[in-house]
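Close look at the chain arrangement
This is what each chain is made of:
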Amino acid sequence: MTPSAVSYYRFAPLNLGRALVWTLFALLLILAPLLFRSSLALTMLSQMGYLVIICLSYNILFGQGGMLSFGHAVYTGMGAFIAIHAMNLATQGSLPVPLVLVPLVGGLGGMFFAVLLGFVTTKKSGTTFAMITLGIGELVASMALMFPGFFGGEGGVTTNRVYGTPFLGLTFGPQLQVYYLIAAYCFVCTALMFAFTGTPLGRILNAVRDNPERVEFIGYNTQRVRYFAFIIAGFFAGVGGGLSAINFEIVNASDSLSGARSGGFLLFTFLGGAGFFFGPIIGAVLLVFASVLLSEFTKAWLLYLGLVFLFMVMFAPGGVASLVMMNLRVVKYGLFKPFWALYAGLVATGALLVVGAAALVEMVYHIQLNSALGPEVAFAGLTLDTSSTGSWLGAAALALVGLGLLEWVRRRFARAWSAAQEQIEAENKRRAVA
Amino acid sequence: MSETKSAMGCALELKALRKSFGKTDIIRGVDLAVQAGERIAIIGPNGAGKSTLFNLISGRLAPSSGEVLLNGQRIDGKKPFEINRLGLSRSFQITNIFPKLSVFENLRCGVLWSLGYRYSFLRFLSKLDDANARTEELIHQVGLDKKRDVLAVNLTYAEQRALEIGVTIAGGANVILLDEPTAGMSKTETSHFIALIKQVTVGKTLLTVEHDMGVVFGLADKIAVVVYGEVIAFDTPAAVRANARVQEAYLGSSVADAQGQGH
């Protein structure tokens with residue numbers, strides 16, 4: 001091994017671009033509650049913090065290992081239950097665990113169940129794996145009803161996070177202090193999970209995702225690779241669960257262990273973009289916006305969410321992260337200029353369609369759920385009337401016009417986009433030859 | 001001939017190897033002894049069982065009966081990764097690499113186990129100097145220097161075949177099985193590729209399944225002719241060419257086939 005060969009493949013000891021990104025991430029976590037000061041914002045930021053950990057842990061399985069799990073809530077939920085019992089035991093004085101370490105207890109809880117259940121789960125890959133996670137998810141959720149002592153029955157288990165001596169003067173009573181605890185864990189866990197992607201196990205996990213059979217012929221036991229990755233994902237899922245227990249001071253099996261919860265992690269990790277490390281972070285932010293904000297505005301939020309999911313699967317299967325990266329690529333080659341107008345057009349015509357369609361949906365929901373309140377529906381500053389044909393026709397017309405215009409813009413966009421991609425390919429070829 | 005020789009000198013030995021799927025016998029009692037450092041070509045008509053033979057040796061399939069010995073140690077029925085760790089590596093007829101990883105990452109994955117990094121998650125790949133140096137060396141060996149950071153899925157077919165060979169030899173196995181390495185290549189690509197295979201398998205024991213007779217006679221020290229799950233001849237190329245039974249059963253028609261395919 002010659003010295004010149006060493007310098008050829010080694011990374012620079014200090015990667016400034018990477019250091020900058022991590023510094024910005026830390027600053028964002030620190031400054032966010034100072035920028036958004038309302039209590040709703042703080043609630044949302046706290047949830048985002050631990051959901052980032054959970055979605056990233058889910059992506060170790062899904063994006064990095066090709067394991068489509070329908071049961072990730074088992075590990076977040078069990079982590080949360082272990083954490084909340086640890087807090088209650090600590091309050092009684094029978095377990096000397098300060099609150100700042102409770103998320104780690106949750107993590108060990110999640111890890112323990114991943115060791116236990118993951119052994120069976122990771123025996124197989126692909127569809128079989130997905131089916132087993134689904135089965136185990138249902139199994140654990142039904143166990144919750146069989147052991148009310150541990151799971152607290154229908155009411156769940158409650159706790160009080162303010163106990164013991166304050167840590168550096170922090171009691172963790174105020175939500176802001178809890179936020180900073182979550183933010184600190186969020187930063188460290190994100191960094192650790194990013195580091196994992198650069199280890200031998202992390203890379204072989206990618207190889208197992210791409211082609212498990214071939215991995216068997218380069219000396220690796222793919223079951224082991226999946227199992228170890230599953231345990232690591234279980235640990236971080238448990239940390240996220242532990243933080244959620246601290247945040248809410250209650251854990252309820254019918255919610256925390258449910259298949260719907262698991263489905264949410266899958267859905268938003270996908271929406272954020274499983275192909276990039278940072279994709280699930282975007283997904284976690286979207287998850288909070290959808291479940292906290294959108295659900296405040298409309299009863300039909302799950303319908304909208306389903307439509308968005310459908311739309312993304314069809315038009316941007318790489319999620320938001322891939323959209324960002326594809327556009328950055330166009331920017332990098334200096335070809336983004338025509339897209340400003342096209343994106344503006346897409347947004348404007350899309351808005352027409354969305355407003356029209358949403359007005360229809362809201363009126364249908366109103367008839368089904370709130371007809372006792374009279375025919376008027378407040379919608380986007382307007383008052384719609386479910387008994388007047390004008391409202392229905394107006395909304396339908398708006399949706400149709402929006403759809404037509406959107407399609408017109410979309411075609412122009414698609415043409416411009418493929419032209420830009422061809423230009424980039426040609427440029428790449430030219431550079432490869434040079 | 002092999003029965004009289006001691007098993008100790010054999011890199012790979014098959015004894016009365018059989019494989020049947022249901023009632024169909026695919027491999028019907030194969031005996032073969034390959035000395036260390038020999039280059040063996042396995043030829044035979046389509047469906048003769050050549051690929052199945054490779055699958056039995058490499059652990060992809062478990063034999064119905066019989067023995068496979070690698071350096072005198074029984075490996076039949078072992079898992080592929082166990083066999084690989086004992087020093088046998090194989091390539092595939094259909095390109096079988098890691099499409100979403102770069103050329104560099106593909107080859108480094110092949111290197112990791114043999115250098116003892118196992119399932120480590122407490123070290124950074126970028127700091128594994130020996131693995132990285134070995135990977136760079138491999139990239140150079142298989143002639144993909146210019147494609148170092150290209151995703152495998154974006155390589156040309158010939159480049160993917162070269163990468164397949166690279167991944168196969170990455171772990172430093174002493175017994176290499178190549179399943180139709182030149183399948184689907186043009187004539188010029190093939191001759192270039194044969195030179196590559198010869199170069200990267202210097203000092204190793206090589207078994208290759210091959211259809212192209214030009215390749216077979218250029219590459220192999222010995223030829224094993226498989227017909228209907230049996231080895232009907234195992235000898236030097238000249239002797240096999242002269243073998244009346246081989247000519248009758250296989251060779252004449254195959255030469256015509258190969259020319260007919262015409263690339």
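Residues numbered from 1 in each chain as written. Chains lettered and ligands numbered in written order. Predicted model: local features only at pLDDT ≥ 70, side-chain atom pairs only at ≥ 80, totals over all residues.

Here we take up the overall build of chain B. Assigned secondary structure in chain B consists of nine helices and ten strands. Here the C-alpha atoms of chain B give a radius of gyration of 19 Å, agreeing with the 18 Å that 2.2 N^0.38 yields for 263 residues. Here the C-alpha coordinates of chain B stretch approximately 55 × 40 × 35 Å along the principal axes. Across the 263 residues in chain B, those meeting the buried criterion constitute 46%. (Helix = DSSP H or I, 4+ residues; strand = E, 2+ residues; numbered from the N terminus. Rg over C-alpha atoms; globule rule 2.2 N^0.38 Å. Buried ≥ 20, exposed ≤ 12 C-beta atoms within 10 Å, placed from the backbone.)

As a further point, take the domain arrangement of chain A. In many reports, interface size means the accessible area that the parts give up when they come together. Residue and element names in this part refer to chain A. Split into domains, chain A comes out as domain 1 (14-319) and domain 2 (333-433). On a C-alpha basis, the centres of domain 1 and domain 2 stand 33 Å from each other. With four residues of domain 1 in contact, the opposing surface of domain 2 contributes four residues. Of the residues contributing to the side of domain 1 that touches domain 2, the split by class is two nonpolar, one polar and one charged. (Domains from an automatic or database assignment. Contact = placed C-beta atoms within 7 Å. Nonpolar A, V, L, I, M, F, W, Y, C, P; charged D, E, K, R; others polar.)

Residue and element names in this part refer to chain A. Among the nonpolar cores identified, the biggest contains 173 residues, and Ile53, Ile204, Ala233, Phe236 and Ala284 are the most heavily contacted of them. Per element, the largest residue contribution to this core is 15 residues, and it comes from helix 11 (residues 222-248). When sequence neighbours within four positions are dropped, the list of residues in contact with Ile53 reads Tyr185, Cys186, Cys189, Phe236, Val239 and Gly240. Ranked by size, the runner-up nonpolar core spans six residues in total, among them Ala359, Met363, Leu384 and Ala399. (Core = buried A, V, L, I, M, F, W, Y, C linked by C-beta atoms within 7 Å.)

On to the sheet that holds strand 7 (residues 175-179) of chain B, then. All names here are of chain B. One open sheet holds the six strands; their spatial order is 6-7-8-3-9-10, and the pairing between them is mixed. Across the chains shown, the open sheet's two edge strands, defined by having one partner strand only, are strand 6 (88-90) and strand 10 (230-235). Each neighbouring strand pair of the sheet contributes to a mean axis angle of 15°, computed without reference to strand direction. Pairing between strand 9 (residues 222-227) and strand 10: five bridges, direction antiparallel. Considered in strand 10, the bridge of Val227 is made with Glu230. Along the sheet face, helix 1 (residues 50-58) touches strand 3 (39-43), strand 6, strand 7, strand 8 (205-209) and strand 9 and points at about 145° away from the line of strand 7. (Pairing = 2+ DSSP bridges. Axes fitted to C-alpha atoms, helices over the stretch in contact; angles between N-to-C directions.)

Further remarks concern the confidence of the model for chain B. All names here are of chain B. Confidence in the prediction for chain B averages 89 pLDDT; 92% of positions are at 70 or higher. Contacts for the low-pLDDT stretch residues 1-7, under 50 throughout, to residues beyond four places or in other chains number seven contacts. Segment residues 256-263: pLDDT under 50, and five contacts once partners within four positions in sequence are set aside and those in other chains are kept. This complex was scored by the predictor with a pTM of 0.91 and an ipTM of 0.91. (pLDDT = per-residue confidence, 0-100.)

Before going further, it helps to examine the interface of chain A and chain B. Across the contact, 30 residues belong to chain A and 34 residues belong to chain B. If you list the elements that add at least two residues to the side of chain A that touches chain B, you get helix 1 (3-9), helix 9 (200-210), helix 10 (212-216) and helix 11 of chain A. Here the side of chain A that touches chain B takes eight residues from helix 9 of chain A, the largest share from any one element. Along the lines of polarity and charge, the residues of the side of chain A that touches chain B split into 17 nonpolar, seven polar and six charged.

Residue and element names in this part refer to chain A. For helix 13 (residues 259-272), spanning 14 residues, the distance from its first C-alpha to its last is 20 Å, which sits close to the expected 20 Å at 1.5 Å a residue. When you tally the buried positions in helix 13, you get eleven out of 14 residues, the bulk of the element. Listed as buried for helix 13 are Arg261, Ser262, Gly264, Phe265, Leu266, Leu267, Phe268, Thr269, Phe270, Leu271 and Gly272. One or two steps after helix 13, the chain reaches Gly273, where phi turns positive at roughly 120°. (Expected span 1.5 Å × (residues − 1).)

Moving on, we come to the sheet that holds strand 2 (residues 24-35) of chain B. Backbone hydrogen bonds hold the strands of a sheet together, and the pairing may be parallel or antiparallel. All names here are of chain B. Spatially, four strands are ordered 2-1-4-5 in an open sheet, and the strand pairing comes out antiparallel. Where the open sheet ends on each side, the last strands, each with one partner, are strand 2 and strand 5 (73-74). Where strand 1 (residues 10-21) lies against strand 2, nine bridges are found, and the strand directions are antiparallel. In the sheet register, Cys10 faces strand 2, and the bridge partner there is Gln35. Contacts between helix 1 and the sheet are confined to strand 1, strand 2 and strand 4 (65-70), with strand 2 contributing the most and set at about 65° to the helix.

Residue and element names in this part refer to chain A. Where helix 4 (residues 73-92) contacts helix 5 (residues 102-121), the axes come no closer than 7 Å and their chain directions differ by 135°. Taken together, the axis directions place helix 4 and helix 5 in an arrangement best described as oblique. Crossing angle aside, the handedness with which helix 4 passes helix 5 is right-handed. Contacts between helix 4 and helix 5 involve Val74, Tyr75, Thr76, Met78, Gly79, Ala80, Ile82, Ala83, Ala86 and Met87 from the former and Val102, Pro103, Val105, Gly106, Gly107, Gly109, Gly110, Phe113, Ala114 and Leu117 from the latter. Grouping the constituent residues of the contact of helix 4 with helix 5 by class yields 14 nonpolar, six polar and no charged. (Parallel < 35°, antiparallel > 145°, perpendicular 65-115°, else oblique. Left-handed = near helix turned anticlockwise from the far one by under 90°.)

This part covers helix 4 (residues 129-141) of chain B. The periodicity of an α-helix, 3.6 residues per turn, causes residues three or four positions apart to be oriented the same way. Residues and elements named next belong to chain B. Across its 13 residues, helix 4 extends 18 Å between first and last C-alpha, which sits within 8% of the 18 Å expected from 1.5 Å per residue. Looking only at helix 4, the buried set comprises Ala131, Asn132, Arg134, Thr135, Glu136, Leu138 and Ile139. At the C-terminal side of helix 4, Gly143 shows a positive phi close to 70°.

Right, let's get into unusual backbone geometry. Its identity is not glycine, yet A:Glu249 carries a phi of approximately 60°, on the positive side. In this structure, A:Glu249 sits in the loop between helix 11 and strand 2 (250-251). The phi angle at B:Tyr228 is positive, at roughly 50°, despite the residue not being glycine. With respect to the helices and strands, the residue B:Tyr228 is situated in the loop between strand 9 and strand 10.

As a further point, take the pairing of strand 1 of chain B. Residues and elements named next belong to chain B. Taking the residues between adjacent antiparallel strands as the criterion, strand 1 and strand 2 are bridged by two residues, where Gly22 takes a positive phi near 65°. Pairing geometry for strand 1 and strand 4, over five bridges, is antiparallel. Looking across to strand 4, one finds that Leu14 is bridged to Val68.

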